[in-house]
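# A closer look at the structure
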Amino acid sequence: ESDAGDYTCVCGDKQSTASLAVHALPVLFKEELKNEEVQEGASVSLRCELTKAAPVQWKTGSKVLKASDKYQMRQPGTTAELVIHDLEVKDA
């Protein structure tokens with residue numbers, strides 16, 4: 001999208017200008033989350049991959065998760081990862 005704008009070709013005292021519009025592709029899941037079964041007290045890593053880098057939001061039900069000692073979020077490039085530490089039965 002940052003390439004959108006007016007472009008001009010100049011030859012001596014003549015010029016030609018065109019406007020370029022760039023339509024963004026939607027962000028899609030290249031690799032979706034996978035179901036996990038983990039023992040109480042352990043940690044788990046939930047990971048998905050997007051078709052391009054974009055901000056993500058992690059939720060459980062309708063509750064938006066925030067980074068804390070329990071929840072660690074990373075997003076290197078197009079991979080989004082949530083690590084949940086010290087799992088309890090109620091985290092299922």
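Residues numbered from 1 in each chain as written. Predicted model: local features only at pLDDT ≥ 70, side-chain atom pairs only at ≥ 80, totals over all residues. Heavy atoms only, no water.

Another point: the pattern of salt bridges. If you walk through the whole model with that rule in mind, you get 7 salt bridges. Salt bridges linked by common partners bring Lys70, Glu88, Lys90 and Asp91 together as one network. (Salt bridge = Lys/Arg side-chain N within 4 Å of Asp/Glu carboxyl O.)

Turning our eyes to something else, we now look at the UniProt feature "domain: Immunoglobulin I-set" (unreviewed entry) in the protein chain. Annotation from UniProt places "domain: Immunoglobulin I-set" (unreviewed entry) at residues 29-92. Between the C-alpha atoms that bound residues 29-92 the distance is 23 Å, and the span itself is 0% helix and 38% strand. (UniProt positions renumbered as here; feature names shortened; annotations may be inferred. Helix = DSSP H or I, 4+ residues; strand = E, 2+ residues; numbered from the N terminus.)

As a further point, take a nonpolar patch on the surface. On the surface, Tyr7, Leu20 and Val22 cluster together to form a nonpolar patch covering roughly 260 Å² of accessible area. Here Tyr7 lies in strand β1 (residues 5-11). (Patch = residues over 30% accessible without salt bridge, like charges linked within 9 Å, V, L, I, M, F, W, Y side chains within 5 Å. Areas by Shrake-Rupley, 256 points an atom, 1.4 Å probe, with all protein chains shown as cover.)

So, on to the pairing of strand β2 (residues 14-20). Two faces make up the sheet, and in a regular strand the side chains alternate between them. Both β1 and β2 contribute to a ladder of 7 bridges, which runs antiparallel. Bridge pairing in β2 places Val10 opposite Gln15. Here β1 folds back onto β2, and the loop between the two strands holds 2 residues, one of which, Gly12, carries a positive phi near 65°. (Pairing = 2+ DSSP bridges.)

It is worth spelling out the side chain of Glu81 at this point. Tracing the chain through its elements places Glu81 in strand β8 (residues 79-84). Look at Glu81 and you get buried, because its relative accessible area is 8%. Among the polar contacts listed, one links the side chain of Glu81 to the side chain of Ser45, at a separation of 2.5 Å. If we ignore the near neighbours within four places in the chain, the residues touching Glu81 are Ser45, Leu46, Arg47, Trp58, Gln72, Met73 and Arg74. (Buried < 20%, exposed > 50% of the residue type's maximum accessible area, 1.4 Å probe, protein only. Polar contact = N/O pair within 3.5 Å; in protein donor to acceptor, adjacent residues only side chain to side chain. Contact = heavy atoms within 4.5 Å.)

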